[in-house]
Amino acid sequence: MTRRLAVVAKKVGVSEATVSRVLNGKPGVSEATRQAVLSALDVLGYERPTQLRGERARLVGLVLPELQNPIFPAFAEVIGGALAQLGLTPVLCTQTRGGVSEADYVDLLLQQQVSGVVFAGGLYAQADAPHDHYRRLAERNIPVVLVNAAIEHLGFPAVSCDDAVAVEQAWRHLASLGHERIGLVLGPGDHMPSARKLAAARAVAGEVPEEHVARAMFSIEGGHAAASRLIERGVTGFICASDPLALGVVRAARRKGLDVPGQISVVGYDDSALMNCTEPPLTTVRQPIEAMGRAVVELLNAQISGSAVAAEELLFEPELVVRGSTAQAPRS
């Protein structure tokens with residue numbers, strides 16, 4: 001017990017006596033210090049005293065599918081910073097293949113009595129994935145906010161970049177450059193943001209042949225494999241559902257001896273870190289991460305504070321960023 005007092009006191013920057021007063025429910029401690037001590041207990045993995053366990057910790061779970069795609073660390077940085085300004089401590093939960101699942105993380109977060117959970121790029125975006133862990137959160141009235149398109153009927157507020165506008169901007173850009181055979185490199189068939197992008201492409205183009213649509217895992221390798229198929233089918237302009245997929249398209253074109261953008265034009269999605277440093281610099285559709293991240297935290301904090309928040313989706317406008325991976329279509 002003495003060692004625990006010392007560790008918590010050092011973490012918070014207060015005396016052991018102050019920690020003891022908080023743990024024993026004694027007066028004479030400011031609310032800010034009290035919350036800091038309780039948060040330190042949670043972060044350090046110590047159990048709260050029985051009389052304090054009814055309170056939710058000042059912790060917020062931030063559940064991400066991966067960190068290799070730079071868009072997710074970018075979201076984590078913005079959301080984590082905004083949470084910290086409110087005195088909330090983000091707990092980063094990153095899934096690994098064969099490791100801790102999203103459902104496992106939810107169970108761990110519930111054990112820690114978190115104040116809320118933010119999901120970015122989770123199973124809520126996949127229609128065929130298991131969703132029982134989301135229902136557990138709803139049943140316990142845990143505040144939750146989702147980032148980007150989700151399946152229907154989960155009952156949580158969401159903050160999304162408008163996939164339809166993103167594809168419309170990219171398609172019109174490629175069409176203005178003379179590209180007539182435009183293809184899409186998207187995520188799996190049950191992936192909601194990809195489904196929205198495909199519907200938007202069909203709305204703007206009138207028709208998109210199925211042979212001009214390729215599904216892939218969200219990685220450079222997935223983009224490479226998908227692009228190889230579409231290049232064989234004569235596609236010259238590519239719209240991709242992520243920047244790593246777009247980099248895979250560039251790699252596939254080069255492996256086939258084709259020039260980007262001389263013969264193949266590529267548009268990514270996200271405008272994640274370092275996309276202006278690739279060769280060629282990547283034309284992409286930028287998600288407004290700063291504004292979206294702030295909106296996520298505002299919605300979450302409103303729920304934590306007891307305000308009613310509608311289970312609606314806030315749509316943010318993307319921005320086409322033209323760089324060096326798109327050019328006039330090659331003359332046939």
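Just so it is clear, the model here is predicted, and its values are computed rather than measured.

## Section: the side chain of D190
Next up, step 1: Along the chain, the position of D190 falls in the loop between β6 (182-186) and α8 (192-205).
Next up, step 2: Salt bridges are absent for the buried D190, whose nearest opposite-charge side chain, R215, sits at 7.8 Å.
Next up, step 3: Residues in contact with D190, not counting those within four places in the same chain, are A125, Q126, A127, D128 and A129.

## Some points on the state of the cysteines
Next up, step 1: Overall, the coordinates contain zero disulfides when judged by the stated rule.
Next up, step 2: This cysteine, C240, is not joined by any disulfide, and C161 carries the nearest cysteine sulfur, 16 Å off.
Next up, step 3: By relative accessible area, which is 2% here, C240 ends up buried.
Next up, step 4: C277 takes part in no disulfide bond, and the closest cysteine sulfur, belonging to C240, lies 19 Å away.
Next up, step 5: With a relative accessible area of 57%, C277 lands in the exposed category.

## Overview of the domain arrangement of the chain
Next up, step 1: Splitting the chain by domain gives domain 1 (1-44), domain 2 (59-161 + 289-318) and domain 3 (163-287).
Next up, step 2: The centre of domain 1, based on its C-alpha atoms, is set 53 Å off from the matching centre of domain 3.

## A few points about the pattern of salt bridges
Next up, step 1: Applying the stated criterion to the full structure yields 12 salt bridges.
Next up, step 2: A salt bridge links K197 to D163; the shortest N-O distance between them is 2.5 Å. With a gap of 34 residues between them, K197 in helix α8 and D163 in helix α7 (residues 163-176) connect regions that are remote in the sequence. Side by side, K197 and D163 carry an identical accessibility label, which is buried.
Next up, step 3: One salt-bridge network, held together by shared partners, links D271, R286, E319 and R323.

## Section: the pairing of strand β10 (residues 283-286)
Next up, step 1: One ladder, built from four bridges, connects strand β9 (residues 265-270) with β10; its direction is parallel. Paired with G268 across the bridge in β10 is T284.
Next up, step 2: Pairing geometry for β10 and strand β12 (residues 319-321), over three bridges, is antiparallel. If you follow V285 over to β12, its bridge partner there is L320.

## Let's talk about the sheet that holds strand β11 (residues 313-316)
Next up, step 1: Across the sheet, six strands lie side by side as β2-β1-β3-β4-β5-β11; this open sheet has parallel pairing. Bordering the open sheet on either side are β2 (89-94) and β11, each of which pairs with just one other strand. Averaged over all neighbouring strand pairs, the angle between strand axes comes to 20°, with direction disregarded.
Next up, step 2: Taken together, the four bridges between strand β1 (residues 59-64) and strand β3 (residues 116-120) define a ladder with parallel strand orientation. By the bridge assignment for β3, V60 is matched with G116.
Next up, step 3: Each of β1, β2, β3 and β4 (144-147) touches helix α4 (residues 71-85); the most contacted strand, β1, lies at about 170° to it.
Next up, step 4: Taken strand by strand, helix α11 (residues 289-304) contacts β1, β3, β4, β5 (158-161) and β11, and its axis lies near 165° from that of β4.

## A closer look at the environment of H173
Next up, step 1: Position of H173 relative to the elements: it lies in helix α7.
Next up, step 2: Note on H173: relative accessible area 12%, which makes it buried.
Next up, step 3: Residues H173 and T326 lie 153 residues apart in sequence; the distance between their C-alpha atoms is 8.8 Å.
Next up, step 4: When near neighbours in sequence (up to four residues on either side) are disregarded, H173 contacts V267, T283, L320, V322 and T326.

## A short note on the sheet that holds β6
Next up, step 1: The strand order across the open sheet formed by six strands is β7-β6-β8-β9-β10-β12, and the pairing between neighbours is mixed. Across the chains shown, the open sheet's two edge strands, defined by having one partner strand only, are β7 (213-215) and β12. The sheet shows a mean angle of 20° between the axes of neighbouring strands, direction not considered.
Next up, step 2: Of the pairings in the sheet, the one linking β6 to strand β8 (residues 237-240) comprises four bridges and is parallel in character. Directly across from L184, in β8, lies its bridge partner I239.
Next up, step 3: Sitting on the sheet, α8 touches β6, β7 and β9, and the angle it makes with β6 is about 170°.
Next up, step 4: Along the sheet face, helix α10 (residues 243-255) touches β6, β8, β9 and β10 and points at about 160° away from the line of β9.

Criteria and cut-off values
- Residues numbered from 1 in each chain as written.
- Predicted model: local features only at pLDDT ≥ 70, side-chain atom pairs only at ≥ 80, totals over all residues.
- Heavy atoms only, no water.
- Helix = DSSP H or I, 4+ residues; strand = E, 2+ residues; numbered from the N terminus.
- Buried < 20%, exposed > 50% of the residue type's maximum accessible area, 1.4 Å probe, protein only.
- Lys, Arg positive; Asp, Glu negative; His and termini not counted.
- Salt bridge = Lys/Arg side-chain N within 4 Å of Asp/Glu carboxyl O.
- Contact = heavy atoms within 4.5 Å.
- Disulfide = S-S within 2.5 Å.
- Domains from an automatic or database assignment.
- Pairing = 2+ DSSP bridges.
- Axes fitted to C-alpha atoms, helices over the stretch in contact; angles between N-to-C directions.

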